[in-house]
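So the chains spell out like this:
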Amino acid sequence: MAMTRQFFLKSLATTAGALALAATGASAWAQTDYPQRPIKLVVPFAAGGATDILGRLLATTMGEKLGQSVVVENKPGAGTMVAAAMVAKAPADGYTLLLGSNSTLTLNAAIRQSLPYDPIKGFTMLGSVANMGLVVVAHPGSSVKTLADVVAQGKSGALSYASFGSGSSAHFGAELMQAALGTRMTHVPFNGSSQSLTAVMGGQVPVAVDSAVAAAPQVRSGKLRAIASLGERREPLLPDVPTMAESGYPGFSAEAWFALLGPAGMSPDVSAKIERVLKESMAEPALRKRLVEVGLNPLWTNGKDLLARVEKEQPQMRAVAARAGIRAD
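It should be emphasised that the depicted structure is a prediction, and the values quoted were computed from it without experimental measurement.

Our focus in this paragraph is the overall build of the protein. On a plain count of helices and strands, the protein comes out with 11 helices and 10 strands. Contacts in the protein between residues far apart in sequence, at least 24 positions, make up 77% of those at least 6 positions apart.

Following this line, the structure appears as structure tokens:
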């Protein structure tokens, strides 16, 4: 009787172990078999612009490598907050991703008391993908022809500058530039690059800080004069325009940047797979070439480095906002 009982208990333990192993194997298979259906990539900008092109190139390239469709959904509005809140609240299963920006992760937090998402705790950081350079431009017939002219006239307080929005990357870039130059220009915000650059071309505002993507066609046509690039390197679309560093302000850099994010709490296996595929995608020559053609500078970093950048830049941007009085509209 005792031997029968021992045999029963041993068999029961063996069966339980087998079932546990099977369950573990099934769980591991479910994780490593990601993705099993199409993935949604939310782009917080309107269709047709450089950021939308970035999202669609990433979607195509990553989809090929993952063996599943990655479908872009444009969700513009409120300085990327509409899209960011939507993704932060989505299931953390890897099937809803966000092409976020520095506005999403650092600038919004610098100018708003509260956000509909947490810029750090609300997301799984998957990696940086690209920078977008900013440039200073002026009307070709104005007296502002060089950076020295910006300094001379800007220090008197008589110069104003346009940007594509209050609290935008252009606004922050311009205020970082002002701190470096020692100027006190007046900010004139517009609702988009088209309006901002049109105001300068029409002579209503003497200077603008805008993206190289938007300004380059007008510079090449002679409707605007490019004064300086605010990024670390010269812009591919405007290779003859010197950087701030080359113009006597070493170490200066201000630019917009973009990154891939998922909701917080994603499975480490799934997030690691997306990171790996993102890295492979950003190494593709065809994708990199196309990004440069539309005015974006490919720049991949992993999720850990992206998080470190966000944690470093948030207090810096808060300081800029406090010093310049930048607030949400």
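Now that the structure is up, let's keep going.
A word on unusual backbone geometry. Keep in mind that most residues, glycine aside, have a negative phi and that most peptide bonds are trans. With an omega of 0°, the peptide bond between tyrosine 34 and proline 35 qualifies as cis. The topology assignment puts proline 35 in the loop between α1 (2-32) and β1 (39-43). With a phi angle near 80°, threonine 80 is a residue other than glycine that sits in the positive phi range. The residue threonine 80 is located in the loop between β2 (70-74) and α3 (81-88) in this model.

Once that is clear, we can look at the pattern of salt bridges. Here the structure, examined in full by the defined rule, presents 11 salt bridges. One salt bridge connects lysine 75 with glutamate 73, and the closest N-O pair in it is separated by 4.0 Å. The partner of arginine 234 in a salt bridge is glutamate 246, with the nearest N and O atoms 2.9 Å apart. In this pair, arginine 234 is assigned in the loop between β8 (225-229) and β9 (255-263) and glutamate 246 in the loop between β8 and β9, connecting sequence segments 12 residues apart. Residue glutamate 246 is classed as partly exposed on the basis of its relative accessible area, which comes to 49%.

Relative orientation and spacing of two packed helices are given, respectively, by the angle between their axes and the distance between those axes. Direction vectors running N to C along helix α6 (residues 169-181) and helix α11 (residues 303-324) enclose 75°, while the axes themselves pass 10 Å from each other. Classed by the angle they form, the pair α6 and α11 counts as roughly perpendicular. Across the interface between the two elements, Phe172, Glu175, Leu176 and Ala179 of α6 pack against Met317, Val320, Ala321, Arg323 and Ala324 of α11. Broken down by class, the residue content of the contact of α6 with α11 amounts to seven nonpolar, no polar and two charged.

The next thing to look at is the nonpolar core. One finds Leu41, Leu54, Leu58, Val129, Ile274 and Leu296 to be the most contacted residues of the largest nonpolar core, which totals 32 residues. No other element matches the six residues that helix α2 (residues 50-66) contributes to this core. Not counting residues up to four positions away in its chain, the partners in contact with leucine 296 are Ala50, Leu54, Ala130, Asn131, Met132, Phe258 and Leu291. In terms of nonpolar packing, the next biggest core, distinct from the first, is built from 23 residues, Val151, Val207, Val209 and Leu230 among them.

Quick notes on the rules
- Residues numbered from 1 in each chain as written.
- Predicted model: local features only at pLDDT ≥ 70, side-chain atom pairs only at ≥ 80, totals over all residues.
- Heavy atoms only, no water.
- Helix = DSSP H or I, 4+ residues; strand = E, 2+ residues; numbered from the N terminus.
- Contact = heavy atoms within 4.5 Å.
- Salt bridge = Lys/Arg side-chain N within 4 Å of Asp/Glu carboxyl O.
- Buried < 20%, exposed > 50% of the residue type's maximum accessible area, 1.4 Å probe, protein only.
- Axes fitted to C-alpha atoms, helices over the stretch in contact; angles between N-to-C directions.
- Parallel < 35°, antiparallel > 145°, perpendicular 65-115°, else oblique.
- Nonpolar A, V, L, I, M, F, W, Y, C, P; charged D, E, K, R; others polar.
- Core = buried A, V, L, I, M, F, W, Y, C linked by side-chain atoms within 4.5 Å.

Honestly, that's just the spatial picture; any functional story needs more than this.
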